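Secondary and tertiary structure notes
What follows is each chain in one-letter form.
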Amino acid sequence: MLVIFFVIAVNLLDAVKEGRSSNRSSNKRSELDELLASGQSKAAKFTAMEWVKAQPLSPDAHWAQAKAHYQLGELSEAKQVLKGLLKFAPEEHYRVDAWLELLESEFSERRPKPVS
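As the structure is a computational prediction, the values presented were derived from the model and not from experiment. (Residues numbered from 1 in each chain as written. Predicted model: local features only at pLDDT ≥ 70, side-chain atom pairs only at ≥ 80, totals over all residues. Heavy atoms only, no water.)

1. Describing the overall build of the chain
As a reminder, the rule being used: By definition, any uninterrupted DSSP run of H or I lasting at least four residues is a helix, any uninterrupted run of E lasting at least two residues is a strand, and each is numbered from the N terminus. Note on definitions: a residue-residue contact is assigned when non-hydrogen atoms from the two residues lie within 4.5 Å.
Along the backbone of the chain there are five helices and zero strands. Walking the chain from its N terminus toward its C terminus, one meets helices and strands in the order α-α-α-α-α. Sequence-distant contacts in the chain: of pairs separated by 6 or more residues, those separated by 24 or more amount to 47%.

Structure (structure tokens):
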């Protein structure tokens, strides 16, 4: 009976911790969306970097960081973040590919044109 109680208590504590983590991620995502929407890209970048540091395996944190880099025109950094995201979350490939294509088209538009 004591063992069953212990197992239930441990599972309950894990569920509470997971709920807190989920709430923090949701709050951080909302905060970053607001910063990006209002054009506060530098603040969003640093907030996202802190989030990535605190939760290095959070795809949402990496997405927010890539978006902030993109808004700041830091295309190489955005590309690095997205490629890093694929290393631990390959299931994000469907979203990352579209963004990488966008970044490549931005790179090609910004390249100097050959002089004739």
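Right, picking up where we left off after that structure.
2. Here we look at the packing of helix α4 (residues 75-88) against helix α5 (residues 93-110)
Formally: Helix axes use the C-alpha atoms of the stretch in contact, all axes being lines fitted to C-alpha atoms, and the angles between their N-to-C directions lie in the range 0 to 180 degrees. Any angle that falls under 35 degrees is termed roughly parallel, while one over 145 is termed roughly antiparallel, one within 65 to 115 roughly perpendicular, and all others oblique. Left-handed describes a crossing whose near helix is turned anticlockwise from the far helix through less than a right angle; right-handed describes the clockwise counterpart. Charged means Asp, Glu, Lys or Arg here, nonpolar means Ala, Val, Leu, Ile, Met, Phe, Trp, Tyr, Cys or Pro, and polar covers whatever is left, Gly included.
With their axes 10 Å apart at the nearest point, α4 and α5 run at an angle of 160° to one another. By the angle class used here, α4 and α5 are roughly antiparallel. For the pair α4 and α5, the sense of crossing is left-handed. Of the residues in α5, those in contact with L75, S76, A78, K79, L82, L85 and L86 of α4 are H93, V96, W99, L100, L103, E104, E106, F107 and R110. Of the residues that constitute the contact of α4 with α5, the class distribution is 10 nonpolar, two polar and four charged.

3. Describing α5
Inclusion rule: The span one expects for a helix is its residue count, reduced by one, times 1.5 Å. With a 1.4 Å probe rolled over the protein chains alone, any residue whose accessible area is under 20% of its type maximum counts as buried; one over 50% counts as exposed, and the rest are partly exposed. Taken from the helix axis, the directions to the C-beta atoms give the arc we talk about.
The terminal C-alpha atoms of α5 lie 25 Å apart, and with 18 residues this matches the ideal 26 Å at 1.5 Å per residue to within 8%. Residues of α5 that are buried include every one of V96, L100, L103, E106 and F107, and no others. The buried residues of α5 all sit within an arc of 120° when viewed along its axis, so they share a single face. Exposed side chains of α5 directed beyond 90 degrees from the buried face belong to Y94, E101 and E109.

4. Topic: the environment of L103
On the secondary structure map, L103 appears in helix α5. Given a relative accessible area of 0%, L103 falls into the buried group. Put simply, L103 and E74 are 29 residues apart on the chain and 10.0 Å apart in space, counted from C-alpha to C-alpha. In this view, L103 contacts Y70, L75, A78, K79 and L82; residues no more than four positions away in its chain are not counted.

5. Topic: the pattern of salt bridges
Note the threshold: Whenever Lys or Arg places a side-chain nitrogen within 4 Å of a carboxyl oxygen from Asp or Glu, that contact is recorded as a salt bridge.
In this structure the tally under the stated criterion is five salt bridges. Between K79 and E104 there is a salt bridge; the shortest N-O distance is 2.2 Å. Remark: E104 occurs in helix α5 and K79 occurs in helix α4; sequence separation between them is 25 residues. When its relative accessible area of 33% is taken as the criterion, E104 is described as partly exposed.

6. Focus: the packing of helix α3 (residues 59-71) against α4
Remark: α3 packs on α4, axes separated minimally by 7 Å, with the N-to-C direction vectors making an angle of 165°. With respect to α4, the axis of α3 lies roughly antiparallel. Viewed along their axes, α3 and α4 form a crossing whose handedness is left-handed. Residues P59, H62, W63, Q65, A66, H69 and Y70 of α3 lie in contact with α4, whose contacting residues are L75, E77, A78, V81, L82, L85 and F88.

7. Considerations on the packing of aromatic side chains
Our working rule: Pairing of aromatic rings covers Phe, Tyr and Trp, the last through its six-membered ring, and needs centres within 6.5 Å; plane angles under 30 degrees mean stacked, over 60 mean edge-to-face, and all others mean tilted.
Applying the stated criterion across every chain yields a total of two aromatic pairs. Note on W63 and W99: the rings are 6.1 Å apart at their centroids and 70° apart in plane angle, and the pair reads as edge-to-face. You can see W63 sitting in helix α3 and its partner W99 sitting in helix α5, a full 36 residues away along the chain. W63 sits in the buried class, given a relative accessible area of 6%. A relative accessible area of 22% means that W99 is categorised as partly exposed. Taking the centre distance of 5.3 Å and the plane angle of 80° together, the rings of Y70 and W99 count as edge-to-face. Of the two residues, Y70 is situated in helix α3 and W99 in helix α5; the sequence distance between them amounts to 29 residues. On the accessibility criterion, Y70 (24% relative accessible area) is partly exposed. Taken together, the ring pairs in this structure connect W63, Y70 and W99 into an aromatic cluster.

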